Amino acid sequence: MVRLLPKEVKFFEMFEQMSSNLVLGASEITELLREFKDTADHVKRIKEIEHAGDDITHAVFVKLNSTFITPFDREDIHLLASSLDDVLDFINAAADRIMLYKITAAPAAAYEIAKIIVKQAEALGRAVKNLEKLKDVLPHCVEVNRLENEADRVCREAIGRLFDTEKDPIALIKIKELLEVLETATDKAEDAANVLETVVLKSA
Amino acid sequence: MVRLLPKEVKFFEMFEQMSSNLVLGASEITELLREFKDTADHVKRIKEIEHAGDDITHAVFVKLNSTFITPFDREDIHLLASSLDDVLDFINAAADRIMLYKITAAPAAAYEIAKIIVKQAEALGRAVKNLEKLKDVLPHCVEVNRLENEADRVCREAIGRLFDTEKDPIALIKIKELLEVLETATDKAEDAANVLETVVLKSA
Amino acid sequence: MVRLLPKEVKFFEMFEQMSSNLVLGASEITELLREFKDTADHVKRIKEIEHAGDDITHAVFVKLNSTFITPFDREDIHLLASSLDDVLDFINAAADRIMLYKITAAPAAAYEIAKIIVKQAEALGRAVKNLEKLKDVLPHCVEVNRLENEADRVCREAIGRLFDTEKDPIALIKIKELLEVLETATDKAEDAANVLETVVLKSA
């Protein structure tokens, strides 16, 4: 059924779907971290969004394996899909930690990093939307990288404070891991931006 | 000396050797975790099995670099060998943690996950055995993925319980890491299954 | 401006720059860990060295994307640059942990591992210098791998002792992480050596 559509467009559409889905997931965990209300509902929705993401990622891989001519390098299509999928995996991992460790409050930094992930997802969405025309992609990639640096700084300062103030080692282990998992999601978004940058540079 | 053999068969044989060796390693750590008896002996055997695995992996890489025509894509041969090797590395890492942290008991979940790794190794062995004919590979890959999900659930529930019951933070750090390292071994088995799936899909 | 130079030489020169820069970074963290004096100054210099490394890495990627014929396989150039960059990233991550966790003393093992990273960086430098002629590369790769094994042993013994002697869980978390981050830097150096080995084997 895919065969009738121009193959080039389809990959781009799939990446747009992945980005939109990523915005949903990032928004959901931001909402969760904002006030820790209805935690189980948010976690359930994040899991559903992650499953939807897995389905699109899998569809990209299947299509890649059955497509002879691809709109850009095969390995870059694979890497872009994998890294977009990874962002959502780490959002889901953060949600999991909250349930598993019964976390009912977190430093404001956790919420700040989640908001940064939303901004990265939106910037990735703009970059992916422009990818086919190869115009106005790079500025959004630069923005994703800038946001990663910001998340990194927020995370480190928060962990530094945690070591100063949290005297319960078990509570410290829980919150440190939550912050690190969220920060890793921003690293994965940077990986996706780097693939997009590579695609643009190769085509220059 | 390799030159006289048909090259196509040889890669498949090597992967069968890797799978058989992996079953050995997984069985050994399962035995260790079952009752924590003769720990040093089990750890020593696991290390020997891991070294044997390294030798086969290295032989695959050397052969890959000296072979012009390969039975399936070079990068997939590389990835398959690496991911099979990774499973054994994490089994060995778990054994190491037991010695290093002087762990003398662990939640039943550790034993459960080890048994799951054995089942994954056996399923990978069946998939690899059928790889040359490209028949009856996918169902075993699906089984490896299903087992990874099961290990993931077992690990998370165990860590959740650990945070509820283990009040000694240092003991918690030790057991949490042991469980996570075992669970990572099941992730690596899933990576290997995904490569096998890719090989089959590409050839379709 | 790059076009007038022989392309083959330029990549090799860049890798030599990366290796020299890596020796600088490794020496700086060794000095820091030797006596924990002027910590902030050392950390600042490590950050500068890491930024310089990022610039060279980025230049390699840009050149790779704009070069049609490369002196060795594109993916190996990419992997070599990435893994050399990773070593420095983990040196920087160790320096960060020292500041962030306000670490003012560490087991001698931390200093020992840092000295091993210096030796690995020097061996990588020798391997890279000989890469163009493809002569006398492998022995230095073997040395990098041997050093990784040594660092691994030093790290594990130190963590074993830490669990025996450090009764403050929060102090244990800090030092364990510092040792692990340093040890990961030696793993990344081994990755770089493995890429170099692959390049030599492929050309045989």
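Quick note: structure is the one above.
Residues numbered from 1 in each chain as written. Chains lettered and ligands numbered in written order. Predicted model: local features only at pLDDT ≥ 70, side-chain atom pairs only at ≥ 80, totals over all residues. Heavy atoms only, no water.

**Q** Explain the packing of helix H3 (residues 74-100) of chain C against helix H6 (residues 169-203) of chain C to me, and be specific about the residues and the numbers.
**A** Residues and elements named next belong to chain C. Where H3 meets H6, the closest approach of the two axes is 8 Å, and the angle between their N-to-C directions is 165°. Looking at the two axes, H3 sits roughly antiparallel to H6. As H3 runs across H6, the sense of the crossing is left-handed. When grouped by side-chain class, the residues that make up the contact of H3 with H6 number 18 nonpolar, 3 polar and 8 charged. (Axes fitted to C-alpha atoms, helices over the stretch in contact; angles between N-to-C directions. Helix = DSSP H or I, 4+ residues; strand = E, 2+ residues; numbered from the N terminus. Parallel < 35°, antiparallel > 145°, perpendicular 65-115°, else oblique. Left-handed = near helix turned anticlockwise from the far one by under 90°. Nonpolar A, V, L, I, M, F, W, Y, C, P; charged D, E, K, R; others polar.)

**Q** Which residues make up the relation of the copies chain B and chain A, and what values do they have?
**A** Each copy superposes on the other: chain B lies on chain A with an RMSD of 0.0 Å after a rotation of 120° and an axial shift of 0.0 Å. Such values leave the two copies arranged in the relation of a three-fold axis. Judged by C-alpha distance, Pro169 of chain B is the residue of chain B that lies nearest the rotation axis, at 3.7 Å. The residues that chain B uses at the interface reappear at the interface of chain A in only 12% of cases, marking distinct surfaces. (Least-squares fit on C-alpha atoms with pLDDT ≥ 70 in both. Contact = heavy atoms within 4.5 Å.)

**Q** Any details on the packing of aromatic side chains? Residues and values, ideally.
**A** All told, the structure shown has 9 aromatic pairs over all chains when counted by the stated rule. Lying across the ring of Phe11 of chain A, Lys63 of chain A places its NZ or CZ 4.8 Å from the centre. (Phe/Tyr/Trp six-rings, centres within 6.5 Å; stacked < 30°, edge-to-face > 60°. Lys NZ or Arg CZ within 6 Å of the ring centre and 35° of its normal.)

**Q** An account of the interface of chain B and chain A is needed here, citing residue identities and associated values.
**A** The interface is formed by 17 residues belonging to chain B together with 13 residues belonging to chain A. Across the chain B/chain A interface, buried area totals approximately 1100 Å², and carbon plus sulfur atoms make up 62% of it. On inspection of chain B and its partner chain A, the count reaches 3 salt bridges. Here Lys176 of chain B and Glu177 of chain A are joined by a salt bridge, their closest N and O atoms 2.5 Å apart. Linking chain B to chain A there are 4 residue pairs in polar contact (both at pLDDT 80 or more). Among the secondary structure elements, those contributing two or more residues to the side of chain B that touches chain A are helix H5 (138-165) and helix H6 (169-203) of chain B. A total of 9 residues in the side of chain B that touches chain A trace back to one element, the largest contributor, which is H6 of chain B. Residues of the side of chain B that touches chain A, tallied by class, amount to 6 nonpolar, 2 polar and 9 charged. (Buried area = accessible area lost by both parts, 1.4 Å probe. Salt bridge = Lys/Arg side-chain N within 4 Å of Asp/Glu carboxyl O. Polar contact = N/O pair within 3.5 Å; in protein donor to acceptor, adjacent residues only side chain to side chain.)

**Q** Let's hear about the relation of the copies chain C and chain A: which residues, and what values?
**A** Between the two copies, chain C and chain A, the superposition gives an RMSD of 0.0 Å; the rotation angle is 120° and the shift along the axis is 0.0 Å. Little of the interface of chain C is mirrored in chain A, where only 15% of its interface residues again form contacts.

Taken by themselves, the reported measurements are silent on function.
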